[in-house]
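Now for the letters of each chain:
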Amino acid sequence: DTAVSQTPKYLVTQMGNDKSIKCEQNLGHDTMYWYKQDSKKFLKIMFSYNNKELIINETVPNRFSPKSPDKAHLNLHINSLELGDSAVYFCASSPTADTQYFGPGTRLTVL
Amino acid sequence: QKEVEQNSGPLSVPEGAIASLNCTYSDRGSQSFFWYRQYSGKSPELIMSIYSNGDKEDGRFTAQLNKASQYVSLLIRDSQPSDSATYLCAVRWGLGSARQLTFGSGTQLTVLP
């Protein structure tokens, strides 16, 4: 049983398109996160949700909009994709913020 | 601005040697510190956490914390080729449900057979 799953694993798209990434966790954790990891491996938090409520919203363009339909799911929608959005996006869940369980990542390539 | 800095490497050590990875952080009030390991093309996984000054050992891994110097390190004894990965230092800050981790940029370790 996969603890934190993400779909799709790879996403290749043109500039200006809109795309979504889905994340699901079956660990029963209340808190979920989205991270962006750039080509230099720098892992930066974008959002966190606690029991469907937005808690952390770092300085992220408003083209990025997270949605949490329930505490097991956290999706990320990106409008008007730009070249600089190319990165690996990780979803994570955690019971306490200390131990974070990461999904396998979604490699987004914007052409 | 909460910052976590690591030597990006790459760091190469021969098999069986001790690998030493270092990390400094900017927020003097930070209380919780972590090391995550990330294999190429995979997601990060937690390998060590440390909360008090001093050393914490877990198998071949030892985490060291010096809050006065705002310094965290990870020692890997008897390094194996399977230890080759990027090691991410992370520091927790914030309260309650707003707690979050700030990660360093990682140190890429290669253990040579």
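Structure shown above.
Residues numbered from 1 in each chain as written. Chains lettered and ligands numbered in written order. Predicted model: local features only at pLDDT ≥ 70, side-chain atom pairs only at ≥ 80, totals over all residues. Heavy atoms only, no water.

1. As for unusual backbone geometry
- At the junction of A:Thr7 and A:Pro8, the peptide bond is cis and its omega measures out at -5 degrees in the coordinates.
- Tracing the backbone through its elements, the reader meets A:Pro8 in the loop between β1 (4-7) and β2 (10-13).
- Phi angles above zero are rare outside glycine, and A:Asn51 is one such case at about 50 degrees.
- Here A:Asn51 is to be found in the loop between β5 (43-50) and β6 (53-57).
- Accessibility expressed as a relative area gives 44% for A:Asn51, which makes it partly exposed.
- In this structure, B:Gln70 is a non-glycine residue whose phi angle is positive, near 55 degrees.
- Its location among the elements puts B:Gln70 in the loop between β7 (61-66) and β8 (71-76). (Helix = DSSP H or I, 4+ residues; strand = E, 2+ residues; numbered from the N terminus. Buried < 20%, exposed > 50% of the residue type's maximum accessible area, 1.4 Å probe, protein only.)

2. A few points about the interface of chain B and chain A
- In this complex, chain B contributes 20 residues to the contact, which on the side of chain A involves 21 residues.
- Interface of chain B and chain A: buried area, both sides summed, is about 1,700 Å²; carbon and sulfur atoms make up 53% of it.
- Interface area lost by chain B to chain A is led by B:Ser97, B:Gln100 and B:Phe103, which between them contribute 28%.
- Remark: the boundary between chain B and chain A carries 1 salt bridge.
- The salt bridge involving A:Asp98 is made with B:Arg92; its shortest N-O contact spans 2.3 Å.
- Joining chain B to chain A, the criterion identifies 6 residue pairs in polar contact (both at pLDDT 80 or more). (Contact = heavy atoms within 4.5 Å. Buried area = accessible area lost by both parts, 1.4 Å probe. Salt bridge = Lys/Arg side-chain N within 4 Å of Asp/Glu carboxyl O. Polar contact = N/O pair within 3.5 Å; in protein donor to acceptor, adjacent residues only side chain to side chain.)

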